[in-house]
Amino acid sequence: MSAYAKKRIMSRNLFDKNAIEYPAYIRANGTINTTSGANGYAISDYIPVSEGAYTAHGLQSRGNLPHIAVYDDNKELVRTVQIISNEDLPLTIASNEKYVRLSVRMADNEYQTAMFNAGGALPYEPYGEGVWADCAVKKRI
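Given the structure is predicted, the values throughout are model-derived calculations rather than measurements.

Rules used throughout
Residues numbered from 1 in each chain as written. Predicted model: local features only at pLDDT ≥ 70, side-chain atom pairs only at ≥ 80, totals over all residues. Heavy atoms only, no water. Helix = DSSP H or I, 4+ residues; strand = E, 2+ residues; numbered from the N terminus. Buried < 20%, exposed > 50% of the residue type's maximum accessible area, 1.4 Å probe, protein only. Contact = heavy atoms within 4.5 Å. Pairing = 2+ DSSP bridges. Axes fitted to C-alpha atoms, helices over the stretch in contact; angles between N-to-C directions. Phe/Tyr/Trp six-rings, centres within 6.5 Å; stacked < 30°, edge-to-face > 60°. Lys NZ or Arg CZ within 6 Å of the ring centre and 35° of its normal.

Topic: the side chain of His-67
Take His-67: it is sitting in strand S8 (residues 67-71). Among the residues examined, His-67 registers a relative accessible area of 5% and is labelled buried. Setting aside its immediate chain neighbours within four residues, His-67 contacts Ile-26, Arg-27, Ala-28, Thr-80, Val-81, Gln-82, Ile-83, Arg-101, Leu-102 and Ser-103.

In structure tokens:
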């Protein structure tokens, strides 16, 4: 016999909105702009990743700005990925890629609802907080 229950699990959101650098955004060449032209943007801290699929959600762009940066073990730039507004952005991480940094918009409070998680797109979850999820619970008879 099985029943369904809610169980508190750790958030799958890897983006910590409290660990950002402001004002700043990541350029296409991977350099970080921290001048007054970066007002309205912030970048995340280094987010550890492992080989596999990830999704960024809730990010917005203006023109060709900003980008996501992907780094190796030594936090040396491997590549950048342009953010396309309001689309789930799939990101495949290779074995030599170990960190990601996101550019997020501050102006529209984007950083409050930005999401970066392993796998496909998920509904928003706050970073680091436990969330309730449906889990199958088996009972012994």
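Some remarks on the sheet that holds strand S13 (residues 115-118)
Here three strands make up an open sheet; going across it, the order is S10-S7-S13 and the pairing antiparallel. With partners counted over all chains shown, the strands left at the sheet margins are strand S10 (89-93) and S13, one partner each. Taken pair by pair, the neighbouring strands of this sheet meet at an average axis angle of 25°, ignoring direction. Pairing of strand S7 (residues 52-57) with S10 involves five bridges; the strand directions are antiparallel. Looking across to S10, one finds that Tyr-54 is bridged to Leu-91.

Overview of the packing of aromatic side chains
This model, assessed by the stated rule, comprises four aromatic pairs. When the centroid spacing of 5.4 Å and the interplanar angle of 5° are considered together, the rings of Tyr-54 and Phe-116 count as stacked. Residue Tyr-54 is located in strand S7, and its partner Phe-116 is located in strand S13; the two are separated by 62 residues in the primary sequence. Among the aromatic residues, ring-to-ring pairing joins Tyr-46, Tyr-71 and Tyr-99 into one connected group. The ring of Tyr-46 has Lys-75 sitting right over it, with the charged end atom 4.6 Å from the ring centre. Against the face of Tyr-46 rests Arg-101, its NZ or CZ located 4.4 Å from the ring centre.

Just geometry here; none of it tells us what the structure is for.
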